[in-house]
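Residues per chain are reported as follows:
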Amino acid sequence: MKVLLVGNGGREHALARAMVRTSPNLDLYVQAGNPGIDALGQPITFDPCDPKHVSALAQEHSIDLVVVGPEAPLVAGVADAVRAAGIACFGPSKAAAALEASKSFAKTVMNEAAVATARAYTCASETEVEAALDNFGAPYVVKDDALAAGKGVVVTDDRHTAYAHASSCLARPDGRVVIEEYLDGPEVSLFCLSDGTTVVPLVPAQDYKRLLDGGQGPNTGGMGAYSPLPWLPSGLVDEVVREVALPTITRMVERGTPFIGLLYCGLALTSAGTRVVEFNVRFGDPETQVVLERLESPLAPLLYAAATGTLIDHPKLEWSKEAAVTVVMASAGYPGTLRTGETITGIETAETIDGVHVIHAGTRLRTDEPDPQGSGNCCGTESETVLVNTGGRVLDVTARATTVEEARKRAYRAVNAIRFDGAHYRTDIGTWPDSLNS
Ligand code: AMP
Ligand code: GLY
């Protein structure tokens, strides 16, 4: 099978790795630019958000399946263009991707489908914002209605901070903001594949959204993840498929915008029951890194089945009983203003540790020219290619072992072998409060 993978961050490196690991003869074409991904397929340079260009590329290379990793190309209509060209595509249409692109649309669909989520108001004016903040009280949850690359949500006890974030969202043309009830309880990510009607869940994972240990600091795209969750109530996956994913997928069909791809269910396990915190329309990052690490069934045929409406006939998925932990190493300044271009060393040493591999999320190869003086003091006399950081989240250091605790130890041993100036990471990935064990 010929697959074209769109996107070139950490999630796509994990997808590429899992596709190749589980289908060694796969003919994989990838979006150039990530050294980890480039090594796994044939790199092509293209704009992932240009629907015409992506569909033309897929035709030119006789691709059987296009897999779209990030949300931006989906929202731009890449899946629509690929399907219009008669090629199977894993990823929802632009209309169905609104489940992620608009928080208020997601709330509407959840309400129509009777899916339990936080009560919410969509506000278009500062007066409405004031009323909503007063109605719910602290902690305040304020969400930009539009896509904001993981930075649109502010959860705070401080009313001024909540109000200021709401105002900045409203200040944009057609700006709207969703203000919702605070959900108290551990969060779980469950990825559900759908071909439009059938739902196949993957294994649950937990992400660490905040920058600092103990859930402190600002929200980020995610600083680490682990799977399985030994404390998770049995039956949770079945409950989420039955009460969340299937009703949503059915409602999308009824609306005339069937959802084909991955419905990411971000859940809070509150004392009042399971509630949806958010939907995303693509694999989560960095949860994908641990979920796919445990997948034993071939991934590419699974995504093809979802893309072609044949999930119902697909064999049951096989999962490793092993645990996986991934620790994100981020650039200085992340999630604010970044310092990039720092040389990264130690990945090879890290990967000598049993069960460890390093996913590239924000790196590139840079060729440094020789010192023009030829002194050899600073840069040597020959050009040299070095790996440098480019993005906020730079590396996802991933480890497998028989238990989460052992995988966690391996991951941190690997992290300690890797160096780049300004690197920072959480030290509590793969741990959870004692209260969850009861
Ligand atoms: P979202 O982009 O909607 O997933 O929000 C990002 C993060 O903000 C979530 O993973 C939660 O940690 C937090 N969050 C979002 N909504 C709520 C809520 N209603 N109550 C508590 N925390 C929330
Ligand atoms: N890890 C959270 C996300 O992918 O949105």
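Higher on the page you've got the structure.
Please read these numbers as outputs of a predicted model, since none were measured by experiment.

### Looking at the site of ligand 1
So, step 1. Taken together, 14 residues are adjacent to ligand 1, and Glu180, Leu183, Glu187, Lys209 and Glu278 come closest.
So, step 2. Between ligand 1 and Lys103, the relevant distance is 2.9 Å, taken from an oxygen atom to a side-chain nitrogen or oxygen of the residue.
So, step 3. Within the contact set of ligand 1, an oxygen atom lies 2.9 Å away from a side-chain nitrogen or oxygen of Lys143.
So, step 4. In the complex, the protein chains occlude 90% of the 460 Å² of accessible area that ligand 1 would expose alone.
So, step 5. Breaking the shell around ligand 1 down by element, the ones donating at least two residues are strand 7 (140–144), strand 8 (153–156) and strand 17 (273–280).
So, step 6. Tallied by class, the residues present in the shell around ligand 1 amount to six nonpolar, one polar and seven charged.

### Quick look at the pattern of salt bridges
So, step 1. Counted under the stated rule, the structure contains 26 salt bridges.
So, step 2. For the salt bridge of Lys143 with Glu180, the shortest nitrogen-to-oxygen distance reads 3.1 Å. A residue pair is termed long-range when its members are at least 10 positions apart, and Lys143 in strand 7 and Glu180 in strand 9 (residues 177–180) qualify at 37 residues.
So, step 3. When the shortest N-O distance is used, the salt bridge between Arg251 and Glu254 registers 2.8 Å. Note that Arg251 and Glu254 are positioned in helix 10 (residues 236–254) at a spacing of three residues, about one turn of the helix.
So, step 4. A relative accessible area of 55% means that Glu254 is categorised as exposed.
So, step 5. Via salt bridges that share partners, Glu112, Arg251, Glu254 and Arg255 belong to a single interconnected network.

### A few points about the packing of helix 1 (residues 10–22) against helix 12 (residues 299–307)
So, step 1. Between helix 1 and helix 12, whose axes approach to 7 Å, the crossing angle comes to 110°. Between helix 1 and helix 12, the interaxial angle falls into the category roughly perpendicular. Side by side, helix 1 and helix 12 meet where Leu15, Ala18, Met19 and Thr22 of the first sit next to Leu299, Ala300 and Leu303 of the second.
So, step 2. Taken together, the residues of the contact of helix 1 with helix 12 break down into six nonpolar, one polar and no charged.

### A word on the site of ligand 2
So, step 1. Taken together, Asp207, Lys209, Gly221, Tyr264, Asn280, Arg282, Gly284, Asp285, Pro286 and Glu287 make up all the residues around ligand 2.
So, step 2. Between ligand 2 and Arg282, the relevant distance is 2.8 Å, taken from an oxygen atom to a side-chain nitrogen or oxygen of the residue.
So, step 3. Burial of ligand 2 by the protein chains amounts to 91% of its free accessible area of 200 Å².
So, step 4. Taken together, the residues of the shell around ligand 2 sort by class into two nonpolar, three polar and five charged.

Basis of the calculations
Residues numbered from 1 in each chain as written. Chains lettered and ligands numbered in written order. Predicted model: local features only at pLDDT ≥ 70, side-chain atom pairs only at ≥ 80, totals over all residues. Heavy atoms only, no water. Near = heavy atom within 4 Å. Polar contact = N/O pair within 3.5 Å; in protein donor to acceptor, adjacent residues only side chain to side chain. Areas by Shrake-Rupley, 256 points an atom, 1.4 Å probe, with all protein chains shown as cover. Helix = DSSP H or I, 4+ residues; strand = E, 2+ residues; numbered from the N terminus. Nonpolar A, V, L, I, M, F, W, Y, C, P; charged D, E, K, R; others polar. Salt bridge = Lys/Arg side-chain N within 4 Å of Asp/Glu carboxyl O. Buried < 20%, exposed > 50% of the residue type's maximum accessible area, 1.4 Å probe, protein only. Axes fitted to C-alpha atoms, helices over the stretch in contact; angles between N-to-C directions. Parallel < 35°, antiparallel > 145°, perpendicular 65-115°, else oblique. Contact = heavy atoms within 4.5 Å.

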